[in-house]
Amino acid sequence: MKYHFNEIEARWQQYWADKGTFHASNNSDKPKYYVLDMFPYPSGAGLHVGHPLGYIASDVYSRYKRLKGFNVLHPQGYDSFGLPAEQYAIQTGQHPAVTTKVNIEGGVDNQGNVIAGYRKQLDKIGFSFDWSREVRTSNPEYYKWTQWIFTELFNSWYNKDTDKAEAIETLVSAFAKTGNAEVNAACDDNITPFTAEQWNAFTEKEQQDILLQYRLTYLAETEVNWCPALGTVLANDEIVNGVSERGGHTVIRKKMTQWSMRISAYAERLIQGLEGIDWSESIKETQRNWIGKSVGAMVTFPLKDHAESVAVFTTRPDTIFGVSFMTLAPEHELVAQITTPEQKEAVEVYIEKTAKRSERERMADVKTISGVFTGAYAEHPFTKEPIPVWIGDYVLAGYGTGAVMAVPCGDQRDYDFAKKFDIAIPNVFEGVDISEEAFSDKATTVITNSDFLNGLKYKKAVKLAIYELEKIGAGAGKTNYRLRDAVFSRQRYWGEPFPVYYENGIPKMIDVAHLPIKLPEVEKYLPTEEGEPPLGRADVWAWDTNTNTVVSNDLVTSSADENSQNGIYPLELNTMPGWAGSSWYFFRYMEKAQRDEVFASKEAMDYWGNVDLYIGGSEHGTGHLLYSRFWVKFLKDRGHVGVDEPFQKMINQGMILGTSAFVYRWEYGFTPKGAEKRKPIFVSKSLIEKSIKEGTFLNDGEEFRAILDNLISSHEGLSSSPTSWSVFTPIHVDVSLVNASDELDVEAFKNWREEFKNAEFILEDGVYKVGREVEKMSKSKYNVVNPDQICEQYGADTLRMYEMFLGPLEQAKPWNTAGITGVHNFLKKFWKLYHNGADEAFNVTDEAPSKDSLKTLHKTIKKVEEDIENFSFNTSVSTFMIAVNELGAQKCTSREVLESLVILIAPYAPHIAEEIWSKLGHSESISEAPFPIFDASHLVESAKNYPISFNGKMKFTLELPLDLSKDEIEKVVMANEKTQMYLDGRTPKKVIIVPGKIVNIVG
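Calculation criteria
Residues numbered from 1 in each chain as written. Predicted model: local features only at pLDDT ≥ 70, side-chain atom pairs only at ≥ 80, totals over all residues. Heavy atoms only, no water. Helix = DSSP H or I, 4+ residues; strand = E, 2+ residues; numbered from the N terminus. Buried < 20%, exposed > 50% of the residue type's maximum accessible area, 1.4 Å probe, protein only. Contact = heavy atoms within 4.5 Å. Areas by Shrake-Rupley, 256 points an atom, 1.4 Å probe, with all protein chains shown as cover. Lys, Arg positive; Asp, Glu negative; His and termini not counted. Charge placed at Lys NZ, Arg CZ, Asp CG, Glu CD. Phe/Tyr/Trp six-rings, centres within 6.5 Å; stacked < 30°, edge-to-face > 60°. Lys NZ or Arg CZ within 6 Å of the ring centre and 35° of its normal. Salt bridge = Lys/Arg side-chain N within 4 Å of Asp/Glu carboxyl O. Pairing = 2+ DSSP bridges. Axes fitted to C-alpha atoms, helices over the stretch in contact; angles between N-to-C directions. Expected span 1.5 Å × (residues − 1). Patch = residues over 30% accessible without salt bridge, like charges linked within 9 Å, V, L, I, M, F, W, Y side chains within 5 Å. Arc of directions from axis to C-beta. Core = buried A, V, L, I, M, F, W, Y, C linked by side-chain atoms within 4.5 Å. pLDDT = per-residue confidence, 0-100.

This part covers the overall build of the protein chain. The helix and strand inventory of the protein chain stands at 32 helices and 37 strands. Dimensions of the protein chain, computed from the C-alpha atoms along their principal axes, are close to 115 × 85 × 75 Å. Within the protein chain, the proportion of its 1003 residues that are buried is 53%. In the protein chain, 71% of the contacts between residues at least 6 apart in sequence involve partners at least 24 apart. Split by element, the accessible area of the protein chain, about 44,500 Å² in all, is 49% carbon and sulfur. Considering the protein chain, the positive charge centre built from 107 side chains and the negative charge centre built from 139 side chains are found 6 Å apart.

For any two aromatic rings, the description comes down to two numbers: the centre-to-centre distance and the angle of the planes. By the definition in use, this model includes 78 aromatic pairs. Seen from their ring centres, Tyr394 and Phe417 are 5.6 Å apart, and the 50 degrees between their planes marks the pair as tilted. You can see Tyr394 sitting in the loop between β17 (386-391) and β18 (403-406) and its partner Phe417 sitting in helix α15 (residues 412-420), a full 23 residues away along the chain. An aromatic cluster of at least three residues, connected via ring pairs, comprises Phe39, Tyr142, Trp145, Trp148, Trp584, Tyr585, Phe586, Phe587, Tyr589, Phe599, Tyr614 and Phe647. Lying over the aromatic face of Tyr33, Lys65 brings its terminal NZ or CZ to 4.6 Å of the ring centre. The lysine or arginine in question, Arg262, covers the ring of Tyr218, its NZ or CZ lying 4.0 Å from the ring centre.

Attention shifts here to the pattern of salt bridges. According to the stated counting rule, one finds 45 salt bridges in the structure shown. Counted as one network, the salt bridges with shared partners bring together Lys101, Glu105, Arg119, Asp123, Glu134 and Arg136.

The subject of this paragraph is the environment of Val785. Within the element layout of this structure, Val785 appears in the loop between β32 (771-776) and α24 (787-793). Considered as a pair, Val785 and Val735 are 50 residues apart in the sequence and their alpha carbons are 8.4 Å apart. Not counting chain neighbours up to four residues away, the residues in contact with Val785 comprise His48, Val49, Met777, Ile790, Trp815 and Thr817.

Quick look at the pairing of strand β6 (residues 164-167) now. Taken together, the 4 bridges between strand β5 (residues 156-159) and β6 define a ladder with antiparallel strand orientation. Note on β6: the bridge partner recorded for Ser156 is Ala167. If you look at the hairpin formed by β5 and β6, you'll find 4 residues sitting between the two strands, and Asp163 has a positive phi there, around 55 degrees.

What follows concerns the sheet that holds strand β19 (residues 475-481). With respect to topology, 3 strands assemble into an open sheet ordered β14-β13-β19, the strand pairing being antiparallel. Two strands bound the open sheet, and with one partner strand each, they are β14 (309-314) and β19. Taking each pair of neighbouring strands and ignoring which way they run, the sheet shows an average axis angle of 30 degrees. Bridge count between strand β13 (residues 293-302) and β19: 7 bridges; the pairing is antiparallel. Across the sheet, Ala297 pairs through a bridge with Gly477, a residue of β19. Against the sheet, helix α16 (residues 458-471) contacts β13 and β19, and its axis sits at roughly 120 degrees relative to β19.

For the α-helix, the turn length of 3.6 residues means that residues three or four positions removed from each other point alike. For helix α28 (residues 873-889), spanning 17 residues, the distance from its first C-alpha to its last is 25 Å, which sits close to the expected 24 Å at 1.5 Å a residue. Residues of α28 that are buried include every one of Phe873, Asn874, Ser876, Val877, Thr879, Phe880, Met881, Ala883, Val884 and Leu887, and no others. The first or second residue beyond α28 is Lys891, which carries a positive phi of 55 degrees.

For the rest of this paragraph, the subject is a negative patch on the surface. Together, Asp963, Asp967, Glu968 and Glu970 line one region of the surface with negative charge. Structurally, Glu970 is set in helix α31 (residues 966-975). Accessibility expressed as a relative area gives 31% for Glu970, which makes it partly exposed.

When the terminal C-alpha atoms of helix α26 (residues 820-834) are compared, their 22 Å separation across 15 residues agrees well with the 21 Å that a helix rising 1.5 Å per residue should span. Taken residue by residue, α26 has Ile820, Val823, His824, Phe826, Leu827, Phe830, Trp831, Leu833 and Tyr834 as its buried positions. Angular distribution of buried residues about the axis of α26 spans 165 degrees; they occupy a single face of the element. The inward-facing, buried residues of α26 contact α1 (5-19), α24, α25 (796-805), α28, α29 (895-905) and α30 (910-919).

By secondary structure assignment, the location of Pro40 is in the loop between β1 (32-37) and α2 (52-67). The class of Pro40 is buried, set by a relative accessible area of 10%. Excluding residues within four positions of it along the chain, Pro40 makes contact with Tyr55, Gln76, Gly77, Tyr78, Asp79 and Tyr118.

This brings us to the sheet that holds β1. Within the open sheet, the 4 strands sit side by side as β2-β1-β26-β27. Their pairing is parallel. Strand pairing shows two members of the sheet lacking a second neighbour, β2 (71-73) and β27 (650-652), which therefore form its edges. Here the strands of the sheet are splayed against their neighbours by 15 degrees on average, with no regard to which way each runs. Relative to strand β26 (residues 613-616), β1 is paired through 3 bridges, and the arrangement is parallel. In the sheet register, Asp37 faces β26, and the bridge partner there is Ile615. Contacts from α2 reach β1, β2 and β26 within the one sheet, and its direction differs from that of β1 by about 170 degrees.

The next thing to look at is the nonpolar core. By size, the foremost hydrophobic cluster in this structure holds 89 residues, and its most contacted members are Trp259, Phe488, Phe587 and Trp631. Beyond its immediate sequence surroundings of up to four residues, Phe488 is in contact with Phe150, Trp259, Ser260, Met261, Phe498, Thr575, Met576, Pro577, Trp579, Ala580 and Trp631. Listed in part, the 84 residues of the second largest apolar core include Trp131, Trp831, Val877 and Leu920.

Below, the discussion takes up the side chain of His48. By secondary structure assignment, the location of His48 is in the loop between β1 and α2. With residues near it in sequence (within four places) discarded, His48 still touches Met777, Val784, Val785 and Pro787.

Turning to the confidence of the model for the protein chain, a few remarks are in order. Chain-level statistics for the protein chain give a pLDDT mean of 91 and a share of 94% at 70 or above. The low-confidence segment residues 671-675 (pLDDT under 50) makes 9 contacts with residues lying over four places distant or belonging to another chain.

Below, the discussion takes up a positive patch on the surface. A cluster of basic residues, Lys457, Lys459, Lys460 and Lys463, forms a positive patch at the surface. Here Lys457 lies in the loop between α15 and α16. Judged by its relative accessible area of 57%, Lys457 falls in the exposed class.

Where the residue is not glycine, phi is negative for most of them; where a peptide bond is considered, it is trans in most cases. In the segment running from Leu515 into Pro516, the intervening peptide bond is cis, with an omega of 5 degrees. For Pro516, the location among the structural elements is in the loop between β22 (506-509) and β23 (542-544). The phi torsion at Tyr782 lies on the positive side, around 55 degrees, for a residue other than glycine. Within the secondary structure, Tyr782 is located in the loop between β32 and α24.

Glancing now at the pairing of β22. Residues of β22 alternate between two faces, with Ile506 and Lys508 on one and Pro507 and Met509 on the opposite face, all of them buried. Once strand β21 (residues 500-503) ends, the chain turns through 2 residues before running back antiparallel as β22, passing Asn504 with a positive phi of about 55 degrees.

Here you go:
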């Protein structure tokens, strides 16, 4: 019987769907195990073969844990809100809800494009997902609870004394009793002190404005990364090399009133929590660096001729006598106040220039040294000497206090700045030469030229400096964190609406009983002409507090007089960022029948706890992982969940790289009179390489000139005066237009893109050879391979095994479709192992297995179990190949061996395993079978294949029992007919025997 993989896979995928084979129970006697993938955002491009890598790995592990007797939860869903879906909708002129649905479920979009659909693509690969628990972050019944979490954050503050979030009512109570003098909270800087009497006398608006300074989510004017092209604020982790990660657009710094999350309150707990989870050290270190814990001192420098002072955080208070200037971030709030009239123009020009550079770009650029003197001076806290105050873009408003005390002798950036602007560089390090560079080695520091710190080493000098600063009221010891509060507003349409309305400018939350606040319909998804976010285009977007419904904007009264208000108020126009829904989705999966009255029931969360295994890309090492850890810790504080960390173990899968194809456009130096008439000319890669190797026409241009003479007639309006003959621009070409021999289908290429329709091609031997390069698999590089095509041609089991076979899970590896045939041939050989009867009939017998077959089986059990537990899936595939070869050579047909073997391979190739399992007479799914038990006794050697040597040269081998004595071994060997043949009647001088190793006959 032939291996008809398409029929087999379709049959078993339907069987799993009909039977709900992988639906997890929330009430089981089995131990639980929760396996989760970072869920995908659905785009029209669909999946390429790089996307399923992590899913296949998690599926192998999920299936393995079921075989080991665990109740496994392995859910899947879609991160369906956010910028990618909205950009796709804008480009295709469709509603994001429509494109999202089509991209998930498949169909035809309004441009006639056939969309495969993520769900169908995922099902085709045979994943054991529990689809009964599917979530889509853009579904109102889901984002109702994202909105609720936001209101819970709004109604909470962080008590540093209890080190946890508490209800805002407890803070209000404290204010009413004692004011804020005794409150130790995570809050805004520069809080104004007030007494209980003052608090109780404040108006509601005054009280609410104060509470916003303490709430865990709050409104504030902040410096943000504004992307004009995308029309939204971006988080730092959404910016790469100074431009937006999505689209590569320019990002500028801008002040805006935004909702923010006080994640900084959890900085220390986020660091400490890393110690108890099983993540790679590299990801932990990435998080630690992002949080950026620093121990030092806060120092205050009074400003001369101003009432204000500048606060700075420093990790090196021991170097305070080395301060020769101060640098403020260009965005610092004091800059406008302290800049002198003489410096005003220069400062304003510099600030405008800086606004066009992102924070990341400014941090990364250590070569560019720029700054402007404000004209103002600060006062040194000890010497009282004047210190010039500069602005420089190497200081960021969002980090620390947005100001630094510059110690050029101890910091290279300060040193370079001082050198450039001819600022003094006092040396406070004993016996150190700073003529060429700054000195930063704390271990060998001895302080000098520093009054009471002279002669002290680093640690003692730090302690004494802090003590003296505290004594004169100029500073105090402090632990600081680089982690900034997370901006939570997006000026976009396709995101969770805020459950917020504004009553006389005061933000008010909508009660959970009236959620969700659904996204309204708008005509366009772009900002309004007045610059408001897209929700500003909604006509029905006001909140009626009388009916608790969304009503027409026309009903909002314009009077600021509270007595004339009709109870209808404007709703928030911003939406939540993409990370909102992905920060808690793992809890929603726990609920088997997702309820409207809870985000997840206590019973479900108590049973599943946290995620046991989380698999996803390392690109989420900061943003998503930090935010989700923050939300979980907050929900734990408020008693809504029982765990402190979301993901106990995490593995980051590597990338599958694509092999891109390139054509080479010849920039042949013609000067066109009409550029639109100029035809592109593409030169075969093989011809270019040959020319370079032989050093021919690329230098003198004669051969190319001859070729061009024949093309001049088709290049109307072009001059034939060449300026360059050896410049070629590589252009990505769709890999589907190239065959296995790297030959381009020229006609298909011309029809591929309009600008290439009239292109000319310079061929070699009648063909155009493309160039190849291994790089990230991406639709933009036209190097993606569709998994649907692989499944159709080779089968899902082949795809699954091949992706696991490519290499270690965590490493990047190139895709090579040609290599997949080896895995496919293995599966055919595996099928044949069970179908070796007459006419390829199924042939498994009840005969007892041979010792060799049992040995093969049990070494396979041992290796596969070890490999899966260690996530070394690639070596498991090699083990299966060896086992099938050995059992085939042994002509094994024993049920005892072959039944266990098919269970072993089931996590990797579940369809073929189910088919054979059913042929073995089982009515239930193979996923319910027990994992084979390893028996070490089958690997104990009872015999040894001895090399029989004559005068040190091995002539033949002889298998002998290992328990024979030396005399018994000699007796058997000497009696062997081959021994007698080689001796040819001679009597050996001696026989050397090392039991278990060698036999050597001498003489």
